[in-house]
Every structure is written in C-alpha cells, then in structure tokens.
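Working through the structure, step by step
Read off the chains here:
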Amino acid sequence: MASRTRLIVNADDLGLHPSLDAGILRAHREGIVTSATLLAMGPSAAEAVGRAKAQGLAVGVHLALSTRLPCAAPSESVRTVAPGGRLRGSWADFAKAWLTGQVRREELERELSAQLSRARELGAKVDHLDGHQHLHLLPGVRSVVEGIAAREGLPLRWPDALPRASWLRAPGPALKTTVLAVLARTAPRARPGVRRVSAGGVFEAGRLDEAALLGVLDALPAGDFELGCHPGEGAPHVPEDPAWRYGWDAELAALTSPRVKAKLVERGIALANYGELG
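Keep in mind it's a predicted model, so treat the numbers as computed, not measured. (Residues numbered from 1 in each chain as written. Predicted model: local features only at pLDDT ≥ 70, side-chain atom pairs only at ≥ 80, totals over all residues. Heavy atoms only, no water.)

Topic: the overall build of the protein chain
Within the protein chain one finds 11 helices and six strands. At a minimum sequence separation of 6, the contacts of the protein chain that also span at least 24 residues come to 76%. As displayed, the protein chain has an accessible area near 11,700 Å², and 52% of this comes from carbon and sulfur atoms. (Helix = DSSP H or I, 4+ residues; strand = E, 2+ residues; numbered from the N terminus. Contact = heavy atoms within 4.5 Å. Areas by Shrake-Rupley, 256 points an atom, 1.4 Å probe, with all protein chains shown as cover.)

Things to note about helix α4 (residues 105-121)
Taking 1.5 Å of rise per residue, 17 residues should cover 24 Å, and α4 covers 24 Å from first to last C-alpha, within 8% of that figure. Of all the positions in α4, only E107, L108, E111, L112, S113, A114, Q115, L116 and A119 are classed as buried. Looking at the buried residues of α4, the elements they touch are β2 (35-38), β3 (58-63), α3 (91-99), β4 (126-131) and α5 (141-152). The positive-phi residue at the C-terminal boundary of α4 is G123, with phi of around 105°. (Expected span 1.5 Å × (residues − 1). Buried < 20%, exposed > 50% of the residue type's maximum accessible area, 1.4 Å probe, protein only.)

Details of the packing of α4 against α5
Taken N-terminus to C-terminus, the directions of α4 and α5 make an angle of 40°; their axes are 10 Å apart at the nearest point. In this view, α4 runs oblique relative to α5, as classed from their interaxial angle. Crossing hand, α4 versus α5: right-handed. Between α4 and α5, the contacting residues are R105, L108, E109, L112, S113, L116 and R120 on the first element and V141, S143, V144, V145, I148, R151 and E152 on the second. A per-class count over the contact of α4 with α5 returns seven nonpolar, two polar and five charged. (Axes fitted to C-alpha atoms, helices over the stretch in contact; angles between N-to-C directions. Parallel < 35°, antiparallel > 145°, perpendicular 65-115°, else oblique. Left-handed = near helix turned anticlockwise from the far one by under 90°. Nonpolar A, V, L, I, M, F, W, Y, C, P; charged D, E, K, R; others polar.)

What to know about the packing of aromatic side chains
Following the criterion strictly, the structure yields one aromatic pair and no others. Ring geometry for F94 against W98: centres 6.2 Å apart, planes inclined by 15°, an arrangement best described as stacked. One end of the pair, F94, and the other, W98, are both in helix α3, four residues apart, so they sit about a helical turn from each other. Judged by relative accessible area, F94 falls into the buried class, the value being 0%. Judged by relative accessible area, W98 falls into the buried class, the value being 13%. (Phe/Tyr/Trp six-rings, centres within 6.5 Å; stacked < 30°, edge-to-face > 60°.)

Next comes the structure, spelled out in structure tokens:
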C-alpha cells in the first residue's frame, strides 16, 4: 500500500477574542483548518465552543499559564500560579516565576486540570492538548502536562521549534539565555504518533502567507503532520494582551486560498484532525 500524507491544520487561541474566533471558524468553513485549540478561560470561550460544535470543528485545549486570563481553579487554591486570580501577563513572567521556584507544582497541575474540566463543561469534546505560548516545554511543566495527557488518554502536541527569544521581553539577558538553554536541553526531538510542522516556529508573525503555506505543502513527505496557525479577522485589541500584534488576516487569506486547496489535491494530502488519526 502506498504511503500517504495526512495533515492536521490546527488554529490556536479559540475563545480569546470574537475576531479571532470568527477567523478560525471561517478558516474551517471555507478553508483547510481542521482543528482548533481552546483557551477555556478566554472571554469568548463559551460562544466559541457552541459555534465550533455547530459546524463540526474538532477542539482541543490550549493549556494556558500566561496572557492574564482568569484562573479556572478556585483562586485561593492556585495563588502561586494566578496571583490575584489571574494568570501572569507574559511567557517571560511565568518562566521567571517557575524557574525561580515561585510557583508550586501541585497548584500548576490543579490549574491545568481545571482548564481541561472547564472546556468540557462548556461542551467541548476534547481530542488533544497543547500549550499556549509553548510553556509546556519548560522543565517540570513538561512532566505535569504529560501526566495530565496520560491520565486523560489525550494526544499531546509538541512544537518543532523553540520559543523565539523576542518573547522574553521582561527579564534581563541572563534569564533569556538561561531559559533558552534549558529548553534546548529538554525539548523533545521526536515523539511517537503525530509529527508536527509548526508554522509558528518557522515563520515570524504574519508571514504565513499563501506563498509560505504552498512551500510547506510542497515539502511534506509521507506521514502524519500538524500545521499550527493563527487566523483571525481584522486587527483585534486583545485586552488580556494589549501589546499583541499578529498577521491574523494574512494567515486567514492563506488558509482559505483556492491555490492552497488545489495544492492539497495535487499532492494527495488528506486533511484530518486528532480524532480521525485515532
């Protein structure tokens, strides 16, 4: 039997903002997105889950430890994870707190488990887990997330690229170097099951345009892969992360491009989601 290529196209940040939800849902209806990961405590999460279910979009959970989202667990039980009832503002803020021993491991597990429970309470039939801003790559966090995935029998997505140094804006150069060096030692190079092509790791924000996406599809060999993406409509102001700027529209245009759809047919690439891969 001839080898085949199957591709999951997963859109992150469902539930964070109505404009992002609209782009993700449109990229599924009119384009090649097959899966989305939900920020369960995002302001628009409840409506986003309902709309995703209505149009048959598969949903996983985007486990979050940053972006100022409210905690899912009772706030008094996760004080070191979510001071004042909200997660820390940035990737760098959490990494600094975790690596300097300010966050309790049991509170971390409690909060991430509560986010998964919250997604299910909203009606999501969760088919996989991943980490918002790749924070599950941090040493110690990784084992907590792996434990949750094993307990729940859910696939866990790993990025192929490390977080960009530009994400580490708040700490000084010494912490930037320490964090990236630790991640370089601990990030898994491969894992059983789905292999992943990460657009977020290959291209800077806003550069997953049509040409770039066509290039990714042309390069895929036989096997199972995932492409991470961030479509959206317009340039939303996200109160939880007001400095965030991204090429949401450019990614939406690429993901709904007729040329991209034709390339999938030409290459014989079958679109799938985690549930379909089994």
